[in-house]
Structure formats: C-alpha cells, structure tokens
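# Structural overview
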Amino acid sequence: MSQSNTTMNLTMYRMSSWLKSPKPYLMFIGFGCVLSFWYFSVEVWKLPRFQDMPALTEVFEEWFSKDPYYGLSIYTPEYYKHIGISLRRIGYAFFLATALGVPLGLFLGWSQKLREYIFPLFELLRPIPVLAWVPLAIIIFSGSETPVIFLTFLASFFATTLNTMLGVESIDEEYSRAAYCLGASRWQTFIHVVVPGAMPFIFTGLQISIGVAWFSLVAGEMVSGQYGLGYIINTAYIMVQYSQIVIGMITLGIIGYVTSALVRVAGDYMMQWRVRELALGGD
Amino acid sequence: MSTVDKNNSMPTKGAIRIEDVVKIYDPEGTAVMAVDHCSIDIPAGEICMIVGPSGCGKTTLLNTIAGFHGLTSGHIYLDDEILCGPGKEKAEPGSDRIVVFQNGALFPWKTNLENIAFGPMMEGKLSKGEIYQKARKMMVDAGLEGTEDAYPGEVSSGLRRRVEIVRALMNEPKVLLFDEPYRALDSLTKSVMHEALLEIYYKNKVTIFFITHDLEEAIFLGHRLIIMSSRPCKPKKIVEVDIPHPRDYSVLTSPRFREIMNEAKSVVNEEARKAFEAGEKEG
Amino acid sequence: MNINKLKSNFSMRAAFRGLIAIIIFIAIWEFGARSLDLIGYRVPFIGLIPPPTAVLDSWAGLVVDPSYWQSWYMSFMRVFTGFLVAMVVGIPLGLYMAVNRTFYGIAFPSFEILRPIPPLAWVPASIIFWPTQEMSIAFVTFLGAFYTIVINVLGGAKSINRQYLQAAQSMGASQADIFRRIILPATLPSIVVGSAVGMGITWEVVVAAEMISGGGSGGAGGGLGFFIWSSYVGGSYEQIIVGMISIGIAGYISSELLRKLGGRFTPWLKTR
C-alpha cells in the first residue's frame, strides 16, 4: 500500500542524505577517539590507574574467538543463552507494565475523580527507588526469577503510568471539545480522542520505560538471580575475568539500544499519521 | 431589522437569543468580567459577524453558547428553547451548535474522510456504508475530492479548514460557531476561503456566529456586524450590511462596501486603541 | 511542569479523596500482614511482610539511633556530590554539543552508544579502576545523572526558537553575548527538568551501588541502601521497610529542593 511505500522512500532518502553529509565520518572519528583512548591508556602507555583494566585487544579477541578463554564469545551458545534469558525477563516485565500502566495512566489523566483518589498514593510509592524493593521482593516472592521480574516490572510500570498520564494532560482541550460538539459521548471521546491523542506521549514514555527496565533488570540480576547479562558482569568481576565484564557491558549497550529502537519503530508504525506529518514538516 | 435575503427559502431553525448575559471568571478570586450584560438577537439563517479587539471576551460568549463553560447570569435561547440560564448555567455541547476552532481541531490521527464521518459515526443511527457515502458526496460538493485518504497533517491549512466545516455540516447543525477560523491564513487563501464559505452557506442555510477582527472579512461575509467594546465585552454598535446575497469578490470594490467600511472602522479603531492601551493579553 | 499544575489544583475534597486511598492501602497492608494472627491463614504475598504498626515501632527506635541518621547523611552526600559533578561536566558538554555542530557529530554518537549501558553495569569496572570504594560509587552515581542532564540540555537547546537568535543578531549581539543571554537562559528550563529527573535516577543508582558494594572496608560503605541490605541479611524485616520509606522521603526532599532552586533561576516560567 502507499503507506509502507512512503515510509520506505523516506527511510531511503534519509539514509542517502545522511551518508553524503559529514555525519558518518564525524561519528567514526568519535568512536575512534574513545576506542584509541582505551587502547592507549591500557596497552601502550600503561597508565597506573588503568593497570587492572581489561585491554581493548584482549576483550575483542575474547569476544570474537571460537574458543574463548573464559567461555563467552559470540560463538558460544552460552552467550546467547544469557542474552535470551535477560530478554525474556525484560519481555515479561515490560509487557505486563505496559498492559497495566497504559490503561491506568489513561484513566488517571482522563478522570479528575480517579486522579484525586489514586494519584497521591501513586506519588507516595514512586519515589522509593525500585532497587530498595529488592529485599522485600525476595521475601515476598519465592524463587529467584520472580523477584527480578517484579523489580523490572515495577520500574517500568511507574514510568509508563506517569508518562501516559502526562500525555493525556498534554492533549489540546479543543480536540475533546470538538468531539463533544459533534455529538460524541464521554466514553466515545475517550476512545477516539484521548487514546490516539496520547499515543505520541505514550510511546516516548515506553522508550523511557524500557530504559528503566534494563536498568532495574541489570541491578536485579547482579544482586540475585542466575543467568542473564547482569549476572555475567557480576560473576566476571568476582571471578576476576575482567574482559568478560566489558563483553557483558557492550552487549548490554547494543541490546538496550536495539530494544529501544524497536519500541520507537513500533510507535512509528502505529502512528502513521504522525510520521507523515513530521516528514512533510507540517504546515 | 435584518437584511437576510428573502428570495431563497429561509430556515426556521437556528435563531439565537442572548439575553443580558454576564460572565465573570473566578468570581471569588480575581473576578475578571469578560462579558458585561450582553444582549443580542440573531434570527435563523443569519450570518452574524462579531467584531472586536483581541481579548475582549468574544470567545467567552461563543464558548457559552457552545456549552464549554457556563454563564454567571442571563439567558441564552436557541429557537425559544432555553440553552442555559439560572439553574442551568452550562449548556450541553451538542451537534446543533458546532464550533470551528481557531487553530483547527481536525483529529490528526484520522484521515480527512474519517474526520468528516465522525459525527454520524458517533451517533450511530446510520450504517457505516451510508455515512461514508454521504461523506464522500459532501467532499466532492465542497471541492475536496482526492483528499479523502490524506491525514490533516499532510494538507494545507486552508484545505483543513474546509474539511472542518464539512465535518460540522455532516451533522446538519442549526448553528455554526466560528472562532476566528481564518486568523492564521494568508490573505490570498483567506479570500478563497470566504468565497468557499459563502458557497457552502448558500447550499445549507445555517445560522452563522462568526468571530473576527478582520473588518473586510466581516463585511464581505456578514448580514450584520456587531461591534463589541473592549473587555468586558458588550455590543457597542450594530452595522447592517445591506449588500444583497449571493455575493462575490466584486463586492469588495463596490462603493457601498467602502461606505459600510468607513462607518464601522471608526468605532472599531476606538475600541482597539482602548484595548491596546490596557495591554490586554489576547484571548 | 505538568505535575506541578496537577498538584496546584488543590482542594479540600481532593485531599480527602487522596487520603482515603492511602488509608485503605495501609489498612489492607495491616490486615494482610497480620492475617496469620487474625484469621489463622496467611494471605499470600502481603502475609509475609511486617505490618505498618511494627514498622512504625521500629522506626521510633531508629530515630534516636545516630547510625540511622549517619546513613541518611552518607547517602545524601553521595547523591549530591555525584549529581553536582554530573551538572558541572554535563551542562557545559551539552551546551557545547548544542552550539558546535562538528563537536556534536563527533561526540554524540559515542555518547548514545554508551548511554544504554546501565550505570550499574559499570560498578565492577569502576571498582577496578578507582582507588577507593567511595570514588567508585561516586563515579557510577555521576554516570546516572550525567546522561539525563546532557540529553535534557541538548533537547532544550535544540528547541530554542531560531527567531530569538536572529533577533539578537540583527540587534548586533556578539557570539558570546548570544550564548550568555539567549542560549543559556532558554536552556535553563530543560536543565531544571533534567535535573529533577536526574535526581531520581541518582537516588536509584546510589541505593543500588550501596547495596551491591556492601559494607565495604576501610570505613566506606554505609548509607541507606546498605542499611536496607544489612537489615535484610540480619533478619529485621521491619527495618527494611523503614529504610525504603526513608529513601523515598529523602528522594522527595532532594527533588523538591532542586525544583525550588530551579524556580529561582527561571522566574519567567511562573507566568505561564
């Protein structure tokens, strides 16, 4: 359909104009600076502070070797097992948080009454850092999986609900007024105006939410739980396998970025109207 | 006496009577009087132009008729039935009085066609097929053919305004309330809009309550001008525009047009200067 | 900010309603926690935690204990130092990136690649690198706030209306002038917002770092995060909850302080 064609053409156009600009070269200069700083400080100049740090070459050798010294590289199934487990936990937590948080946020934003009842309680619980819940979570939930997922869920949930609620607040009042004029009931206005109108904010919130989810997941995995990327990092530290730490960190960075991008793409797909509006620069 | 054209059959519905309406914002606090004992009689089918300096309270009056907020005292009748008054200070918004907003309130997440079909779809009396058929026909009539599947964000603001008006007309309202709808358009687009609006008016004889600060627009479109004083607003002078309908752009250069312009201009300028000196923030 | 707008629509009725929900929450908690004693059946989940009354009891005892307040102090110190350093490094960096396109092109992609790595993942590397435990916690704390602040500064700078800049140029302002008088003030609201959010993240990181690095040797360690963890390990569950609530309050206080401070720098926002 013409819809997907437009998106494709736009993406192609954007990519080609990006490649022609100085941007990609600057980007690589930046990467180069960071990586060479790392390389030089550890391996060449051997700066005192950097003595025990894993070396760039060591890390990349390990990461890409077919028979890694410490057991984790892109060739070992173990590696993907850990990634998979972290992803699975994020999946449960994030989707549950979205399924509960978005409707709650929508209703809180829409109904003054509901907000007066629930928001104070919500705001009372929110400032408690998610990680402060760790011991309580361990006490309440049996096993080692559930507490970790619970913590991740909690962090995601607060972020999603709050952003959704703020999103509803930000919708121009004229849209709901127009709907009333045209004969819509309160409920119809909610479905046809509030929900679509809040979508952009909801998706921004979801991107924040998934970032927060990863944050909590890693903490949870480092403290309790087996397997997972946080677990790798922690274990690698304990077992003095420092190059693994870095592999874990880099993997986290990549996967975190990819999941965030997926959320953004999902948002773009659901809000075709916005993509097209923004592409044309509005009027 | 209004000078509504008597050749075409006049509607009997849509007469508005505003009786001694007062609106004070925040009566227990800052007590800003926006509308000061305003009384206006608008016969059915008249194009009534409300002219006045920015911030004088014209929008407040419109909002009270539309039912977005209540009045402090006075009555408003629609076809001799009370809309709002003591005991029922806030009217119900409804599809008999539809507003066309200043910045446009087309739903950006629906296509033009879906927007236009919105009112009847919410009402639910006709089938989806019938509604869409009628919507397409109205779009063709209004010269909007071909833009059905575009989103509002993809088309020009002039076109958006027309879509919004068609959206309103789908519900066969008695009254159309315009809140400076063409304020943000350039003057070339504006003249096209004016002629388009008149064309639509000749086909659907609704009562039009049109707020503007553009004198030329007011005299070109209206049967009558009601010139409001600066805040708090109160009708200061009523100017009859006895140029016969149907009108076209040649009217703009006619001598009678110039005469009416002179008559109205001095009053408007006086009020505008008062508002300027008072430093009012625009409503 | 919109949260403040919501909070200012205050009325007695609204306060009453909010209170009801909180009271019901506490009542359910109390009943559920004591369910084994009251009805002979332990309610799942809630039945395992200490009831509010026991928590208050414990808290009363802690309020007179100086080591409790010592924990407060340590956490607060860490939060504010890490946060301050993040502001000192992050705001200029963000502003420079906003102003200089080339620098942005070099620095931003690397920044964006590093950002998804959760600050906590840096803990082991940080411990290896920094000589003292205190510094490693401070570094991780700094990271947490740093990303948020930079992003917010960038966002604020990007959204400056170009016409402000053009107006200044046509009135003959120099580059330095434009920076000081237009870009800086215009970015301040975003900096303030970014700081408030960054503050929340900072607390998260501090608590986590304190829990993970444990009591530590050589006098470092402690803080409210550690307090919670050692309460858990030591079996005094009431203290866990006291710790949780304490951190919540501490976080709220620091955010409010920041908001008030930010408000002083941006008086024009109050007229919105």
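What counts as what
- Residues numbered from 1 in each chain as written.
- Chains lettered and ligands numbered in written order.
- Predicted model: local features only at pLDDT ≥ 70, side-chain atom pairs only at ≥ 80, totals over all residues.
- Helix = DSSP H or I, 4+ residues; strand = E, 2+ residues; numbered from the N terminus.
- Buried ≥ 20, exposed ≤ 12 C-beta atoms within 10 Å, placed from the backbone.
- Contact = placed C-beta atoms within 7 Å.
- Domains from an automatic or database assignment.
- Nonpolar A, V, L, I, M, F, W, Y, C, P; charged D, E, K, R; others polar.
- pLDDT = per-residue confidence, 0-100.
- Pairing = 2+ DSSP bridges.
- Axes fitted to C-alpha atoms, helices over the stretch in contact; angles between N-to-C directions.
- Parallel < 35°, antiparallel > 145°, perpendicular 65-115°, else oblique.
- Left-handed = near helix turned anticlockwise from the far one by under 90°.
- Expected span 1.5 Å × (residues − 1).
- Core = buried A, V, L, I, M, F, W, Y, C linked by C-beta atoms within 7 Å.

When you go through chain A residue by residue, the secondary structure sums to 12 helices and zero strands. In sequence order, chain A lays out its α and β elements as α-α-α-α-α-α-α-α-α-α-α-α. A buried classification covers 44% of the 283 residues belonging to chain A.

This brings us to the overall build of chain C. Along chain C, the regular secondary structure elements total 12 helices and zero strands. If one aligns the C-alpha atoms of chain C with their principal axes, the spans along those axes are about 80 × 55 × 35 Å. The buried share of chain C, reckoned over its 272 residues, is 37%. In chain C, the proportion of contacts linking residues at least 24 apart, taken out of those at least 6 apart, comes to 68%.

By the assigned domains, chain A splits into domain 1 (1-53) and domain 2 (54-279). Between the C-alpha centres of domain 1 of chain A and domain 2 of chain A there is a distance of 25 Å.

Across the contact, 45 residues belong to chain C and 51 residues belong to chain A. At the level of elements, α2 (12-33), α6 (101-114), α7 (123-129), α10 (175-212), α11 (224-234) and α12 (237-265) of chain C are the ones that each hand at least two residues to the side of chain C that touches chain A. Residues that form the side of chain C that touches chain A fall into these classes: 35 nonpolar, eight polar and two charged.

Now for the arrangement of the chains. For the two pairs of chains in contact, the largest share of contacts goes to chains A and C. Across the gap from chain B to chain C, with no contact made, the nearest C-alpha atoms are 12 Å apart.

Right, let's get into the confidence of the model for chain C. Residue and element names in this part refer to chain C. A residue-level look at chain C finds 91% of positions with pLDDT of 70 or above and a mean pLDDT of 79. Taking the mean pLDDT of every element in chain C, the minimum, 49, falls on helix α1 (residues 2-8) and the maximum, 88, on helix α4 (residues 52-63). Counting contacts from residues 4-8, a segment whose pLDDT is below 50, to residues more than four positions away or on other chains yields zero contacts. Below pLDDT 50 for its whole length, residues 216-220 participates in five contacts with residues either more than four positions away or in separate chains. Both scores are available for the predicted complex, with the pTM at 0.82 and the ipTM at 0.83.

The next point concerns the interface of chain A and chain B. Counting residues at the interface gives 18 residues for chain A, matched by 23 residues for chain B. If you list the elements that add at least two residues to the side of chain A that touches chain B, you get α8 (173-181), α9 (186-223) and α12 (272-279) of chain A. For the side of chain A that touches chain B, the element with the most residues is α8(A), which contributes six residues. Class assignment of the residues belonging to the side of chain A that touches chain B gives a composition of 10 nonpolar, three polar and five charged.

Residue and element names in this part refer to chain B. A sheet is described by the order of its strands in space; here four strands give the open sequence β2-β1-β4-β5, paired in antiparallel fashion. The open sheet has two free edges, formed respectively by β2 (32-42) and β5 (81-84), since each of these has just one partner strand. Pairwise comparison of adjacent strand axes, ignoring direction, gives a mean angle of 30 degrees for this sheet. Sheet analysis places strand β1 (residues 16-25) next to β2, joined by seven bridges and oriented antiparallel. From the neighbouring strand, Lys23 faces β2, where its bridge partner is Val35.

To continue, consider the domain arrangement of chain C. All names here are of chain C. The domain architecture assigned to chain C consists of domain 1 (1-49) and domain 2 (52-271). Its C-alpha centre places domain 1 at a distance of 29 Å from the equivalent point of domain 2. In this assembly, five residues from domain 1 lie in contact with four residues from domain 2. The residue makeup of the side of domain 1 that touches domain 2, split by class, is four nonpolar, no polar and one charged.

The subject of this paragraph is unusual backbone geometry. Residue and element names in this part refer to chain B. Following His245, the chain continues to Pro246 via a peptide bond in cis, the omega torsion being -5 degrees. Along the chain, Pro246 turns up in the loop between β10 (235-240) and α7 (255-278). Of note in the backbone geometry, Asp79 takes a positive phi value of approximately 50 degrees without being a glycine. Of note, Asp79 is situated in the loop between β4 (73-78) and β5.

All names here are of chain B. The strand order β6-β7-β8-β3-β9-β10 describes an open sheet built from six strands, whose pairing is mixed. The open sheet terminates on both sides in strands that have one partner only, identified here as β6 (97-100) and β10. Within the sheet, the average angular offset between the axes of one strand and its neighbour, ignoring direction, is 20 degrees. With five bridges joining them, strand β3 (residues 47-51) and strand β8 (residues 207-212) adopt parallel strand pairing. When the bridges of β8 are listed, Cys48 appears paired with Phe209. Across the face of the sheet, α7 comes into contact with β3, β9 (224-228) and β10 while running at roughly 165 degrees to β10.

Turning next to the packing of helix α2 (residues 23-44) of chain A against α6(C). Across the interface, α2(A) lies against α6(C) with an axial gap of 7 Å and an inter-helix angle of 60 degrees. By the angle between their axes, α2(A) is oblique relative to α6(C). Read as a crossing pair, α2(A) and α6(C) show a hand that is right-handed. On α6(C), the residues that touch A:Lys23, A:Leu26, A:Met27, A:Ile29, A:Gly30, A:Phe31 and A:Val34 of α2(A) are C:Thr102, C:Gly105, C:Ile106, C:Ala107, C:Pro109 and C:Ser110. Grouping the amino acids of the contact of α2(A) with α6(C) by side-chain chemistry returns eight nonpolar, four polar and one charged.

As for its position among the elements, A:Leu252 is in helix α11 (residues 242-270). Separated by 75 residues in sequence, A:Leu252 and A:Arg177 place their C-alpha atoms 46 Å apart. The contact partners of A:Leu252, leaving out residues within four places of it in the chain, are A:Val218, A:Leu229, C:Pro116, C:Ile117, C:Pro118 and C:Ala121.

Because an α-helix packs 3.6 residues into every turn, residues spaced three or four apart end up facing the same way. The end-to-end C-alpha separation of α12(C) is 43 Å, in line with the 42 Å expected for 29 residues at 1.5 Å each. Among the residues of α12(C), those classed as buried are C:Glu238, C:Gln239, C:Ile240, C:Ile241, C:Val242, C:Gly243, C:Met244, C:Ser246, C:Ile247, C:Ala250, C:Gly251 and C:Ser254. Buried-residue contacts for α12(C) involve α6 (134-140) of chain A together with α4, α5 (66-99), α10 and α11 of chain C.

Within soluble globular proteins, side chains that are nonpolar generally end up buried alongside one another. Judged by nonpolar contacts, the single largest core of 204 residues is most densely connected at A:Trp133 and B:Phe209. With 17 residues, the top contributor of residues to this core is α9(A). Apart from residues lying up to four places away in sequence, B:Phe209 is in contact with B:Ile16, B:Ile42, B:Cys48, B:Ile50, B:Leu62, B:Ile65, B:Val175, B:Leu177 and B:Phe178.

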